[in-house]
Amino acid sequence: MIPAAFDYYRPQDLDGVISLLQEHGDDARVIAGGHSLIPLMKLRMAEVPHLIDLQSITELFGIEVGSKIRIGAMATQSDIINDISLASAAPILKEASLQIADPQVRYMGTVGGNVANGDPGNDMPGLMQCLDASFLLRGPDGEREVKARDFYQGAYMTEREDDEVLVAVTFDAPKGGYAYEKQKRKIGDYATAAAAVIISKDGSVCKGASIAMTNLSDTPIFCTDASNSLVGTSVTADDIKKAVNEMIEAIDPAEDNRGPVEFKKHAASVVLTRAIKSAWERA
Amino acid sequence: MPGKMEIKLKVNGEDHKFSAEPRELLVHALRERLNLTGSHVGCETGHCGVCTVTMNGKSVKSCTVFVAQADGADVTTIEGMGTPDNMHVLQQAFREHHGLQCGYCTPGMITRAAKLLEENPTPTEEEVRFGMAGNLCRCTGYQNIVKSIMAAASEMNSAKEAAQ
């Protein structure tokens, strides 16, 4: 499978990237790890006359961990898994990253590509919504921040303008228990259903909860009602059931080769129940 | 019509320079330009792992890398690991423990396993299975592949101890 021909660029700084994006408009795409884009190009589902490789843009690399965490767009899943301070400050990232694709893909797959692409099957968008992360976008007029919860409009449609580059994700170090639960047909597959959950505890009462679901609509779904329903409870089996019912109201799965709608709702219920239980135990 | 570009690659320690369209896949450049046909082409969709090589210290699927992205890279293929007369420990172990049947997936298995053992020289069986999850084999049922990698790991570790 050979993609359509394209011109290749490897600019050395972000200004170079942005001016190429301005020049070529939606005929240009940036490429990070390429493990979403290259398969689409090979299948000729995406045609990219001008391909702009980000591999030399050093400011897009790196992970900074403090009370605020900043992950550069070019940090790979493998970088996340092996970053010891990140694993201790925000272990849900490692837990989720280990469930993405396979080792070879994790060496190449980046955070920026995973969140900016807008593929509903990607795991990081839901995770970033759960963490209430912000995405930093750099364009010709400078930098702006968009909340992960406001970023996704539809499948492959996001708030990013054609001449903007997603340069980093930032979020506050999460407090409390966490879990990323993913149901997939086989290793390396996208989720049939996945749940990201963070819960904080005050004594035996839930003080705060954040729930986001993946691949159960054409965007990730941050479940406000399900999250709120857990707050103030002791997260009993009944409380979990209520939260799961709220989640089912919020998602909108479509039938595809991962199963019919009813099955997806069932899988969503199972992964969310497991994730809440596990996050509560760890809180 | 987009043109060709000059590509520089270091493969198995040897420098190569050629002109190619940016869209050419790394696996095709290795096989068809450099005659290194050990890296195979299987699914072509980044799932099966038969095209696995080491690029700049990472195990990558060379069917999912454009040659333009690899420009300037340092690549190791199965040919860079051992020869029939001087096999790599992993190659020897796959032979001894019958870690292959048809052999099509073997170059990818061995290049990936080498990187896995470099990063984790004393893996558990479960870690081997998880670390090899990007490589498919339709013959062996994986049992003997895992056995071969475990055997190679212990061989490499005893050689290291003996050297100390």
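Since the model is a prediction, treat every value here as computed from it, not as a measurement.

Draft legend 1. How the structure looks around the overall build of chain A. Secondary structure assignment for chain A yields 12 helices and 14 strands. Computed over the C-alpha atoms, the radius of gyration of chain A is 19 Å, within 12% of the 19 Å expected from 2.2 N^0.38 for a compact globule of 283 residues. With the C-alpha coordinates of chain A rotated into their principal frame, the extents come out at 55 × 40 × 35 Å. Taking the intrachain contacts of chain A between residues at least 6 apart in sequence as the baseline, contacts between residues at least 24 apart amount to 63%.

Draft legend 2. Summary view of the sheet that holds strand S4 (residues 58-61) of chain B. Residue and element names in this part refer to chain B. With mixed pairing, the 5 strands of this open sheet are ordered in space as S2-S1-S5-S3-S4. With partners counted over all chains shown, the strands left at the sheet margins are strand S2 (14-20) and S4, one partner each. Neighbour-to-neighbour, the strand axes of the sheet open up by a mean angle of 40°, direction not taken into account. Relative to strand S5 (residues 74-76), strand S1 (residues 5-11) runs parallel, the two sharing 2 bridges. Paired with Val-11 across the bridge in S5 is Val-75. Along the sheet, helix H4 (residues 106-119) contacts strand S3 (52-55) and S4; its crossing angle with S3, the most-contacted strand, is approximately 35°.

Draft legend 3. A look at the interface of chain B and chain A. The interface is formed by 23 residues belonging to chain B together with 21 residues belonging to chain A. Elements supplying a minimum of two residues to the side of chain B that touches chain A: S4 and helix H2 (67-70) of chain B. With 4 residues, the single largest contributor to the side of chain B that touches chain A is S4 of chain B.

Draft legend 4. Just the domain arrangement of chain A, in detail. Residues and elements named next belong to chain A. As assigned here, chain A comprises domain 1 (7-53), domain 2 (58-172) and domain 3 (177-282). With centres defined by C-alpha atoms, the gap from domain 1 to domain 2 works out at 18 Å. The interface is formed by 13 residues belonging to domain 1 together with 18 residues belonging to domain 2. Sorting elements by how many residues they give to the side of domain 1 that touches domain 2 places helix H1 (residues 14-24) first, with 5 residues. Each residue belonging to the side of domain 1 that touches domain 2 can be placed in one class, and the counts come to 6 nonpolar, 6 polar and 1 charged.

Draft legend 5. Just the environment of Gln-104 of chain A, in detail. Here Gln-104 of chain A is to be found in helix H6 (residues 103-108). For the pair Gln-104 of chain A and Ser-78 of chain A, spaced 26 residues apart in the sequence, the C-alpha separation amounts to 9.1 Å. Not counting the four nearest positions on each side in its chain, Gln-104 of chain A is found in contact with Gly-49, Thr-52, Ser-59, Val-60, Lys-61 and Gly-134 of chain B.

Draft legend 6. Structural view of the packing of helix H3 (residues 89-96) of chain B against helix H6 (residues 143-163) of chain B. Residue and element names in this part refer to chain B. Two elements in contact, H3 and H6, have axes whose closest approach is 8 Å; the angle formed by their N-to-C orientations is 135°. Here H3 lies oblique to H6, going by the angle between them. The crossing of H3 and H6 is right-handed. For the pair formed by H3 and H6, the contact residues are Val-89, Leu-90, Ala-93 and Phe-94 on the first element and Ser-148, Ala-151, Ala-152, Glu-155 and Met-156 on the second. Among the residues making up the contact of H3 with H6, the classes are represented as 7 nonpolar, 1 polar and 1 charged.

Draft legend 7. Broad picture of unusual backbone geometry. Residues and elements named next belong to chain B. In this model, Asn-35 sits at a positive phi of 60°, which is unusual for a non-glycine residue. You can see Asn-35 is positioned in the loop between helix H1 (26-33) and S3. Of note, the phi angle at Glu-44 is positive, near 60°, even though the residue is not glycine.

Draft legend 8. A look at the sheet that holds strand S13 (residues 205-214) of chain A. Residues and elements named next belong to chain A. Read from one edge to the other, the open sheet built from 4 strands follows the order S11-S12-S13-S14, with strand pairing classed as antiparallel. Only two strands of the sheet have a single neighbouring strand rather than two, namely strand S11 (177-183) and strand S14 (221-222). Examined bridge by bridge, S11 and strand S12 (residues 193-202) share 7 bridges and lie antiparallel to one another. Looking at S12, one finds that Ala-179 is bridged to Val-197. Packing of helix H12 (residues 261-282) onto the sheet brings it into contact with S11, S12 and S13, and relative to S11 it is tilted by some 155°.

What counts and what doesn't
- Residues numbered from 1 in each chain as written.
- Chains lettered and ligands numbered in written order.
- Predicted model: local features only at pLDDT ≥ 70, side-chain atom pairs only at ≥ 80, totals over all residues.
- Helix = DSSP H or I, 4+ residues; strand = E, 2+ residues; numbered from the N terminus.
- Rg over C-alpha atoms; globule rule 2.2 N^0.38 Å.
- Contact = placed C-beta atoms within 7 Å.
- Pairing = 2+ DSSP bridges.
- Axes fitted to C-alpha atoms, helices over the stretch in contact; angles between N-to-C directions.
- Domains from an automatic or database assignment.
- Nonpolar A, V, L, I, M, F, W, Y, C, P; charged D, E, K, R; others polar.
- Parallel < 35°, antiparallel > 145°, perpendicular 65-115°, else oblique.
- Left-handed = near helix turned anticlockwise from the far one by under 90°.

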